[in-house]
Amino acid sequence: MTNSQEAKKQELPPTAWAVLGLLSFPGERTGYELKKWADSSLRFFYWSPAISQIYAELRRLEELGYAASARSGPEEARAKRRYAITDAGRGALAGWAADTTEAGPPVLKHGLLLRIWLGHLAEPERLRAMVEEHLERTRGELASVREAMEHASGVPEWTFPALALRWSERQHLAELELAEALLTDLDGLADTPREQGRQAGGDAPTPG
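None of the values given here were measured: they were computed from a predicted structure.

(A) Seen up close, helix α4 (residues 51-64). Its 14 residues give α4 an end-to-end C-alpha distance of 20 Å, which sits within 8% of 20 Å, the value for a rise of 1.5 Å per residue. Three or more residues of α4 are buried, namely Ile54, Glu57, Leu58, Leu61 and Leu64. With its buried residues spanning 125° around the axis, α4 presents them on a single face. Positive phi appears at Gly65, one or two residues downstream of α4, with a value of about 80°.

Rendered as structure tokens:
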């Protein structure tokens with residue numbers, strides 16, 4: 001590996017490792033197939049990259065020698081480029097996956113809670129409606145997680161993805177419990193004078 005390639009290796013973002021991780025399972029896949037797999041697995045506990053991100057990372061991984069691709073032959077009506085992990089890529093991925101310093105703390109960006117935080121600017125009915133919409137959306141996501149779990153069940157190569165999906169199932173169940181508790185909290189504010197909350201002065205409600 002050249003010095004330039006080594007520098008690029010050190011700068012690989014989590015997106016690149018995630019795409020390489022998708023390639024680490026048996027078989028060759030197109031960028032579109034990788035996107036579909038990310039949508040039915042990664043998004044439940046991490047995120048799902050855009051198709052443009054996937055192709056950008058595939059190009060980067062090929063440059064590093066971590067992935068290789070080949071176009072389909074004339075037997076297919078529409079030519080497709082399929083990607084596979086290389087031995088070098090598998091070795092680099094194994095090293096990255098075993099490096100606990102790379103994991104970092106989980107990052108929570110909860111759009112609903114940001115709006116609840118600004119609840120003094122909203123009507124109680126609208127806040128409650130947003131929480132109920134969040135509950136409905138989370139129930140749908142939970143159903144999708146369980147569908148993915150069923151699909152992975154009994155497939156030896158997907159043992160560890162199935163563990164991640166099981167964690168995601170528990171996380172969605174916890175999210176439902178938290179949202180239900182938030183509804184109860186909002187109901188408890190029903191008797192609080194709105195103007196009192198809007199006109200309160202003094203320091204910030206939290207230290208810092």
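Resuming the write-up.
(B) Expanded view of the side chain of Glu175. Mapping Glu175 onto the fold places it in helix α8 (residues 159-188). Ignoring anything within four residues of it in the chain, the contact list for Glu175 reads His110, His134 and Thr138.

(C) Broad picture of helix α5 (residues 87-98). Between its first and last C-alpha, α5 extends 17 Å over 12 residues, near the 16 Å set by a 1.5 Å rise per residue. Here α5 has its buried residues at Gly89, Ala92 and Leu93. Seen along its axis, α5 keeps its buried residues to an arc of 100°; they face one direction. Summarising the geometry of α5, the exposed residues directed more than 90 degrees from the buried face are Asp87 and Ala98. As for α5, its buried residues are in contact with α2 (14-23) and β2 (81-85).

Definitions and limits used
Residues numbered from 1 in each chain as written. Predicted model: local features only at pLDDT ≥ 70, side-chain atom pairs only at ≥ 80, totals over all residues. Heavy atoms only, no water. Helix = DSSP H or I, 4+ residues; strand = E, 2+ residues; numbered from the N terminus. Expected span 1.5 Å × (residues − 1). Buried < 20%, exposed > 50% of the residue type's maximum accessible area, 1.4 Å probe, protein only. Arc of directions from axis to C-beta. Contact = heavy atoms within 4.5 Å.

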